Every structure is written in C-alpha cells, then in structure tokens.
Amino acid sequence: MRFKSLGSGSTGNATLVQTTGPDACNLLIDCGFGFKHLQIRLEKAGVQAQDLDAIFITHEHGDHVGCVQALSDKHRIPVWMSAGTSAAMNFDNSSGLLHTAHDGLKITLGDLQLTPFTVPHDARAPLQLTCTDGRAKLGILTDLGHVTDHIANHLKGCNALLLECNHDSDMLTASSYPGFLKLRVGGNHGHLSNAQAADIACTVQHSDLRHVVAAHLSQQNNRPALAGQILANALSREVHGIVIATPDEGCAWLDV
Ligand SMILES: [Zn+2]
Ligand SMILES: [Zn+2]
C-alpha cells in the first residue's frame, strides 16, 4: 500500500491511497479542489480520474468536498461519507453512487479496508479513518479540535500517519485573526495545534511507525519547520520520515 497527499491546507485537501495486489484499489480521500485542478494533480501522481475506484469524504467543509459531485457523476465513482456530511453538502444521489459511512463500520474496497471514526470538529458528522491492506495500516487524521481516547484507540498500530498540524498556538494568539476565529480554530471543535499533533503521534508511536506526514498547516499561523521540529522532538529516531505536506504539491508517494 502507498499513499500521497495531492495538496493539503485550508485551500484544499486530497489524498490518494493505492494498493497493487490482484484486487488493486485507487482510493481518493477528500476532493477539496476544483475539477481541473484535481485532474492535474491526479495526472501528476500517475492516476487518471476514471481509474479511481472510490472516494471517501471526511466532512462537508469546502476544502474537503471540492468537486466531488462532478467527479463522481462524470466517472461514476462510488462515494462514501456520513449521512450528516451528505445532508450538509446536499449531495445529489440521483446516480445512486452514494454510500453511507458510519463510525466503526468497516468498508471493504478490493484489497483495501477502511475504518471510519468520529472526530470532534465543527461539521455535521465528521469522520476520519484508517486504511489497511491486511499488512500495513495508515491513519488519516485532520480537521479536529482535540484528540479523544476513541481516536487514539483507532490509531494504534498505524505504520504511517497523515496528521493535522494546523497551527502553532503562540502564532495563532498573536495573529491578526479576529477573536471569534482564533477561538474557533484553537477550540475543542476546531483544528489541532502542533503540540496536540505531537502528543497523539507520541501516544501511538511504536517501532514500526515509518512515516508521519504533517498536514493541513495554516499558512498564517504555522511554519513547516516548526511543525517538523515539534514532531521530531516527540518521536523516537525509529520513525524515519517526517514529511510536510504542502498546499500546492502535497507530498511524494510514500510506501507503507
Ligand atoms: Zn479542512
Ligand atoms: Zn474542516
């Protein structure tokens, strides 16, 4: 199994997960770009839009939903999301391609198995997820205000993490954001700070956690070097790769 962020940040998020076995699967997690931009990013990653087997949408915010309706309709790609997310984004299911995802209920897509789990974020019914091909496990965790025991339990044993490092708390406090926005971003249903991300990475690390990708960095209230350093401080040397996903390029393919 391998994965690649196609871009991450408040301007848009999408991640590819790919298996290569006899039941190979190309999964797109979130779709937060315009149709043409997403297509360019997919092509750069060596994947054609029509080769996507499924799309999973974590929640209805624009930087995650993007062109999902058009993409699914055009190429007849099945889409999974919670009932709350599909209601909040008014997904038009005339195509019959919508599937409802639930906390803790496994989804099998070829040789890939997904397990969605609930996270605290200011959306209707947000879900993040783990993916496994039976050999390795990838955890995707962005857009949440704080980490719960439920989340930590789901992330146990992950060999790779794509992890929100949204802001540095001091930079957020000192920023020109209006007060209500500072409260929203830093609140219990907002976004994870670097320190909160480091805490959960430290909690779930083990000798076979190979990659941690810092994602959804705020361009105003964070710096890649800050996020990278705080993760490096929290993780043991056995985690050989800390990578920062950027808004424009995401990150390279990483084997899990
Ligand atoms: Zn987001
Ligand atoms: Zn969000």
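That block above? That's the structure.
Residues numbered from 1 in each chain as written. Chains lettered and ligands numbered in written order. Predicted model: local features only at pLDDT ≥ 70, side-chain atom pairs only at ≥ 80, totals over all residues. Heavy atoms only, no water.

Colleague: Which parts of the structure should I look at to understand the coordination of the zinc ion (ligand 1)?
Modeller: Geometrically, a metal with four donors at the corners of a regular tetrahedron has ideal angles of 109.5 degrees, and one with six donors at the corners of a regular octahedron has ideal angles of 90 or 180 degrees. Protein-derived ligands of the zinc ion (ligand 1) are Asp63 (OD), His64 (NE2), Asp143 (OD) and His216 (NE2), with the metal-ligand distances lying across 2.1 to 2.2 Å. Given four donor atoms and angles of 92 to 164 degrees at the metal, the environment of the zinc ion (ligand 1) is assigned as irregular. Along the chain, the residues that donate to the zinc ion (ligand 1) are spaced as D-H-x78-D-x72-H. The metal-metal distance between the zinc ion (ligand 1) and the zinc ion (ligand 2) is 3.6 Å, with Asp143 coordinating both. Of the two residues, Asp63 sits in helix H2 (residues 62–65) while His216 sits in the loop between strand S12 (211–215) and helix H9 (224–234), which places them 153 residues apart along the sequence. (Donors = N, O, S within 2.8 Å, 3.2 Å for Na, K, Ca; no water. Tetrahedral: all angles 85-135°; square planar, octahedral: opposite > 155°, others 65-115°. Helix = DSSP H or I, 4+ residues; strand = E, 2+ residues; numbered from the N terminus.)

Colleague: Whenever I open this one, empty space enclosed by the protein confuses me. Can you help?
Modeller: Over the atoms, a rolled probe matching the size of one water molecule traces out where space is still vacant. This structure, assessed with the given rule, holds one cavity of 30 Å³ or more. Its volume calculated, the largest cavity comes out at about 90 Å³. Forming the boundary of the largest cavity are 13 residues, of which Asn13, Thr15, Asp30, Thr142 and Leu162 lie nearest the centre. Contributing elements (two or more residues each) for the lining of the largest cavity: strand S1 (2–7) and strand S2 (14–18). When the residues that make up the lining of the largest cavity are grouped by side-chain class, the tally is four nonpolar, eight polar and one charged. (1 Å grid on protein atoms, 1.4 Å probe; cavity = no way out; pocket = protein on both sides within 12 Å on 5 of 7 lines; lining within 4 Å. Points joined across faces, edges and corners; volume = space filled by probe spheres on them. Nonpolar A, V, L, I, M, F, W, Y, C, P; charged D, E, K, R; others polar.)

Colleague: Whenever I open this one, the sheet that holds S2 confuses me. Can you help?
Modeller: Across a sheet, paired strands are connected by hydrogen bonds in the backbone, their directions being either parallel or antiparallel. Judged by pairing direction, the sheet is mixed, and its seven strands sit side by side in the order S6-S5-S4-S3-S2-S1-S14 without closing on themselves. Of all the strands in the sheet, the pair left with one neighbour each is strand S6 (98–100) and strand S14 (254–255). Here strand S4 (residues 54–56) runs beside strand S5 (residues 79–81); their pairing, made up of two bridges, is parallel. Pairing of Ile55 across the sheet is with Val79, part of S5. Taken strand by strand, helix H1 (residues 35–44) contacts S1, S2 and strand S3 (26–29), and its axis lies near 145 degrees from that of S1. (Pairing = 2+ DSSP bridges. Contact = heavy atoms within 4.5 Å. Axes fitted to C-alpha atoms, helices over the stretch in contact; angles between N-to-C directions.)

Colleague: Would you mind going over the environment of Thr118 with me for this structure?
Modeller: Take Thr118: it is sitting in strand S8 (residues 112–118). Here Thr118 falls in the partly exposed class, since its relative accessible area comes to 38%. Spatially, the C-alpha atom of Thr118 lies 17 Å from that of Leu161, the residues being 43 residues apart in sequence. Thr118 has contacts with Asp103, Pro126, Leu127, His150 and Ile151, leaving out every residue within four places of it along the chain. (Buried < 20%, exposed > 50% of the residue type's maximum accessible area, 1.4 Å probe, protein only.)

Colleague: Would you mind showing me how to read the pairing of S1 here?
Modeller: Two faces make up the sheet, and in a regular strand the side chains alternate between them. In terms of residue burial, S1 counts as a mostly covered element, since five of its six residues are buried. Bridging between S1 and S2 involves five bridges; their strand directions are antiparallel. Each residue of the ladder has a partner; that of Gly7, found in S2, is Ala14. Here S1 folds back onto S2, and the loop between the two strands holds six residues, one of which, Gly9, carries a positive phi near 155 degrees.

Colleague: So what exactly am I meant to see when it comes to unusual backbone geometry here?
Modeller: What you tend to see is this: most non-glycine residues have negative phi, and most peptide bonds are trans. The backbone of Asp143 sits at a positive phi, close to 60 degrees, despite the residue not being glycine. Along the chain, Asp143 turns up in the loop between strand S10 (137–141) and helix H5 (149–155). Even without glycine at this site, His216 takes up a positive phi of about 55 degrees. Look at His216 and you get buried, because its relative accessible area is 3%.

Colleague: Is there a simple way to explain the coordination of the zinc ion (ligand 2) in this structure?
Modeller: Of the protein atoms, only His59 (NE2), His61 (ND1), His121 (NE2) and Asp143 (OD) coordinate the zinc ion (ligand 2), at distances of 2.2 to 2.5 Å. Bound by four donor atoms, the zinc ion (ligand 2) shows angles of 91 to 167 degrees at the metal and therefore irregular coordination geometry. On the primary sequence, the residues serving as donors to the zinc ion (ligand 2) are separated as H-x1-H-x59-H-x21-D. Note on Asp143: relative accessible area 1%, which makes it buried.

Colleague: So what exactly am I meant to see when it comes to the state of the cysteines here?
Modeller: Structurally, a disulfide amounts to a covalent bond that connects the sulfur atoms of two cysteines. Evaluation of the coordinates by the stated rule reveals zero disulfides. Free cysteine: Cys25, not disulfide-bonded; nearest cysteine sulfur from Cys131 at 9.0 Å. With no disulfide of its own, Cys158 lies 9.0 Å from the sulfur of Cys131, the closest cysteine sulfur. Look at Cys158 and you get buried, because its relative accessible area is 1%. (Disulfide = S-S within 2.5 Å.)

Colleague: Sorry if this is basic, but what is going on with the pattern of salt bridges here?
Modeller: Close approach of charged atoms allows side chains with opposite charge to pair. With the rule as written, the count across this model stands at four salt bridges. For the salt bridge of Asp122 with Arg184, the shortest nitrogen-to-oxygen distance reads 2.6 Å. Linking Asp122 in the loop between S8 and strand S9 (127–132) with Arg184 in helix H7 (residues 179–186), this pair joins segments that are 62 residues apart in sequence. On the basis of relative accessibility, which here comes to 30%, the residue Arg184 falls in the partly exposed class. For Arg210, the salt bridge identified is with Asp208, shortest N-O distance 2.8 Å. Residue Arg210 is classed as partly exposed on the basis of its relative accessible area of 23%. (Salt bridge = Lys/Arg side-chain N within 4 Å of Asp/Glu carboxyl O.)

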